[in-house]
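So you can see what is in the structure, the chains are spelled out below.
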Amino acid sequence: MFLIPAAARRLCCALTTVCALLVSNVVRAEDSNLELAPDNADVLALVEVAEIIESPAFQQIAKQFPAIGKQLNQPLNKQTKLTPKTIDSVFVAANTTSQDFVIVINLNDEVEIDDLLNETQQAQATKVGEYSLFALEQGQSLCLVDESTIAVKLAPLGVAQR
């Protein structure tokens, strides 16, 4: 009879538990996000931004480096009012074979398209069913899925920038 050493059994149990938590997190990870994933996605990732920011470890880092804490309330860029603190989670899904990449940003608060895009970008909207798809730079597109969910489709690698 083959016996697995106790330490190896504990390690296997710990790894199984971690894997189960990760899988349940991705599946729970906003099940609606999975609907936005490309067909045959071979990459799925979820970053719980709000949980990271609220974690004791991050709070320690913010105390040691006050500039990091200040940046949490700064807009992500000049064209948006979004800040890192407004992001609840970021879901990434990709089919690497077809180079089909989608990023879904779930927010803590409601957002309007005016908070995300300028008038020129808003004018480039295309209706797709009940949604408006907005063309962005470098072949990317954005959709405000609901009042607190943004989906961004990235262009395949090697697509010419315009």
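Procedures and definitions
Numbering of residues starts from 1 in each chain and follows the order in which that chain's sequence is written. Only residues with pLDDT of at least 70 are given local features in this predicted model, and only at 80 or more are side-chain atom pairs given and counted; all residues enter the totals for whole chains, interfaces and linings. Only hydrogens and water are set aside when side-chain values are computed; all heavy atoms of the structure are taken into account. The helix count covers DSSP runs of H or I at least four residues long, the strand count covers runs of E at least two residues long, and both are numbered beginning at the N terminus. One bridge is not enough; two strands pair if DSSP finds at least two bridges between them.

K.L.:
Would you mind showing me how to read unusual backbone geometry here?
P.N.:
Phi is mostly negative for residues that are not glycine, and the peptide bonds are mostly trans. The phi dihedral of asparagine 40 falls on the positive side, at around 55 degrees, and the residue is not glycine. Among the secondary structure elements, asparagine 40 is positioned in the loop between helix 2 (31-36) and strand 1 (43-47). Non-glycine residue glutamine 138 carries a positive phi angle of around 60 degrees. Here glutamine 138 shows up in the loop between strand 5 (131-135) and strand 6 (141-146).

K.L.:
What's the story with the pairing of strand 6 in this structure? I'm lost.
P.N.:
Walk down a regular strand and you will see the side chains alternate between the two sheet faces. Two elements, strand 5 and strand 6, share three bridges in a ladder whose sense is antiparallel. Each residue of the ladder has a partner; that of alanine 135, found in strand 6, is serine 141. Between strand 5 and strand 6, which pair antiparallel in sequence order, lie five residues; one of them, glutamine 138, sits at a positive phi of approximately 60 degrees. As judged from the five bridges shared by strand 6 and strand 7 (residues 149-154), these two strands associate in the antiparallel manner. Paired with serine 141 across the bridge in strand 7 is lysine 153. The antiparallel hairpin formed by strand 6 and strand 7 contains two residues in its connecting segment.

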